[in-house]
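Letter by letter, the chains look like this.
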Amino acid sequence: MPQLILDTVIEAPLKVVFDLARSIDVHMYSTKETGEKAVEGVTTGLIEVGQTVRWRARHLGVKQTLTVQITAMEKPYYFEDKMIQGVFQSMDHQHHFEELADGKVLMRDIFNFSAPFGVLGRFVEWLFLTAYMRRFLEERNQSIKEVAESGQYVRYL
């Protein structure tokens, strides 16, 4: 099972970064290239523990839906979402937030996933899916960083 670990340092208050990372609206803004849209469950605002959201998007040229649930949360330091329905065999995403000594925030994503279809799925993970998912998460994190550091976060929080 591939595991992606991404660290993003953001110059903004801890609570702002935490809330932007769980904002449905910021997620849609950050994934405009794939047309990601919240279509069921929590479709706007901040998602909370126990809640679900169903996303509809186009990834790799294919329309897909993915439903995730927030399974754990410790404000403003951690939350986790897990796929409960979707294209992956399994997927979980841990979001960690740590205030650094200089007032910046370290946002760490730990993203675990596995493709379906056994050996063929492992080959697809190796061939391109892991790199695709890394780019997708890096772009999302860059959008969170830009919104937080520019002050645009007031639109979303």
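Preceding block: the structure.
Residues numbered from 1 in each chain as written. Predicted model: local features only at pLDDT ≥ 70, side-chain atom pairs only at ≥ 80, totals over all residues. Heavy atoms only, no water.

1. Thoughts on helix α3 (residues 118–150)
Helical periodicity: at 3.6 residues per turn, an α-helix aligns residues three or four positions apart in one direction.
1) Next: Bending of α3 peaks at approximately 55 degrees at the position of E125.
2) Next: Just past α3, the residue G151 takes up positive phi, approximately 85 degrees. (Bend = angle between axes of the 7 residues up to and from the residue. Helix = DSSP H or I, 4+ residues; strand = E, 2+ residues; numbered from the N terminus.)

2. Observations concerning a nonpolar patch on the surface
1) Next: The grouping of L60, F117, L120, F123, W126, L127 and F128 at the surface amounts to a nonpolar patch, some 830 Å² of accessible area in total.
2) Next: The residue F123 is located in helix α3 in this model.
3) Next: Among the residues examined, F123 registers a relative accessible area of 43% and is labelled partly exposed. (Patch = residues over 30% accessible without salt bridge, like charges linked within 9 Å, V, L, I, M, F, W, Y side chains within 5 Å. Areas by Shrake-Rupley, 256 points an atom, 1.4 Å probe, with all protein chains shown as cover. Salt bridge = Lys/Arg side-chain N within 4 Å of Asp/Glu carboxyl O. Buried < 20%, exposed > 50% of the residue type's maximum accessible area, 1.4 Å probe, protein only.)

3. What to know about the packing of helix α1 (residues 14–21) against α3
1) Next: In the contact formed by α1 and α3, the axes pass within 10 Å of each other and the chain directions differ by 135 degrees. Here α1 is positioned oblique relative to α3, judged by the angle of their axes. For the crossing formed where α1 meets α3, the hand is right-handed. Contacts from V16, L20 and A21 of α1 reach α3 at R140, I144, V147 and A148. (Axes fitted to C-alpha atoms, helices over the stretch in contact; angles between N-to-C directions. Parallel < 35°, antiparallel > 145°, perpendicular 65-115°, else oblique. Left-handed = near helix turned anticlockwise from the far one by under 90°. Contact = heavy atoms within 4.5 Å.)

4. Quick look at the pairing of strand β1 (residues 3–10)
1) Next: Burial along β1 is one-sided: L4, L6, T8 and I10 are buried, and none of Q3, I5, D7 and V9, which face the opposite way, are.
2) Next: By the bridge criterion, eight bridges tie β1 to strand β7 (residues 105–114) in an arrangement that is antiparallel. Its bridge partner being in β7, I5 is matched across the sheet by I110. (Pairing = 2+ DSSP bridges.)

5. Section: the side chain of E125
1) Next: Turning to its location among the elements, E125 is positioned in helix α3.
2) Next: Beyond its immediate chain neighbours, meaning those up to four positions away, E125 contacts P2, F113, S114, A115 and T130.

6. A look at the sheet that holds β7
1) Next: If you trace the seven strands from one edge of the open sheet to the other, you get β1-β7-β6-β5-β4-β3-β2, paired in antiparallel fashion. Edge positions in the open sheet fall to β1 and β2 (37–41), since each of these has one partner strand only. The sheet shows a mean angle of 25 degrees between the axes of neighbouring strands, direction not considered.
2) Next: Each of β1, β4 (62–74), β5 (78–85), β6 (90–99) and β7 touches α1; the most contacted strand, β6, lies at about 165 degrees to it.
3) Next: Against the sheet, α3 contacts β1, β3 (52–59), β6 and β7, and its axis sits at roughly 15 degrees relative to β1.

7. Some words on unusual backbone geometry
1) Next: Cis rather than trans, the peptide bond between K75 and P76 has omega equal to -10 degrees.
2) Next: As for its placement among the helices and strands, P76 is situated in the loop between β4 and β5.
3) Next: Positive phi, close to 75 degrees, is recorded for F117, a residue that is not glycine.
4) Next: With respect to the secondary-structure elements, F117 resides in the loop between β7 and α3.
5) Next: According to the relative accessible area criterion, F117 is exposed, its value standing at 67%.

8. Structural notes on the packing of aromatic side chains
Aromatic rings considered in pairs are described by the distance between their centres and by the relative angle of their planes.
1) Next: Throughout the structure, instances matching the rule amount to seven aromatic pairs.
2) Next: With a centroid separation of 5.7 Å and 90 degrees between ring planes, the pair formed by F18 and F79 is classed as edge-to-face. Here the residue F18 occupies a position in helix α1, and F79 occupies one in strand β5, the gap between them amounting to 61 residues.
3) Next: Looking at F18, the relative accessible area reads 1%, which means it is buried.
4) Next: Following the ring pairs from residue to residue traces out a cluster consisting of F18, F79 and F97.
5) Next: Between K32 and the ring centre of Y29, over which it is positioned, the NZ or CZ distance is 3.7 Å. (Phe/Tyr/Trp six-rings, centres within 6.5 Å; stacked < 30°, edge-to-face > 60°. Lys NZ or Arg CZ within 6 Å of the ring centre and 35° of its normal.)

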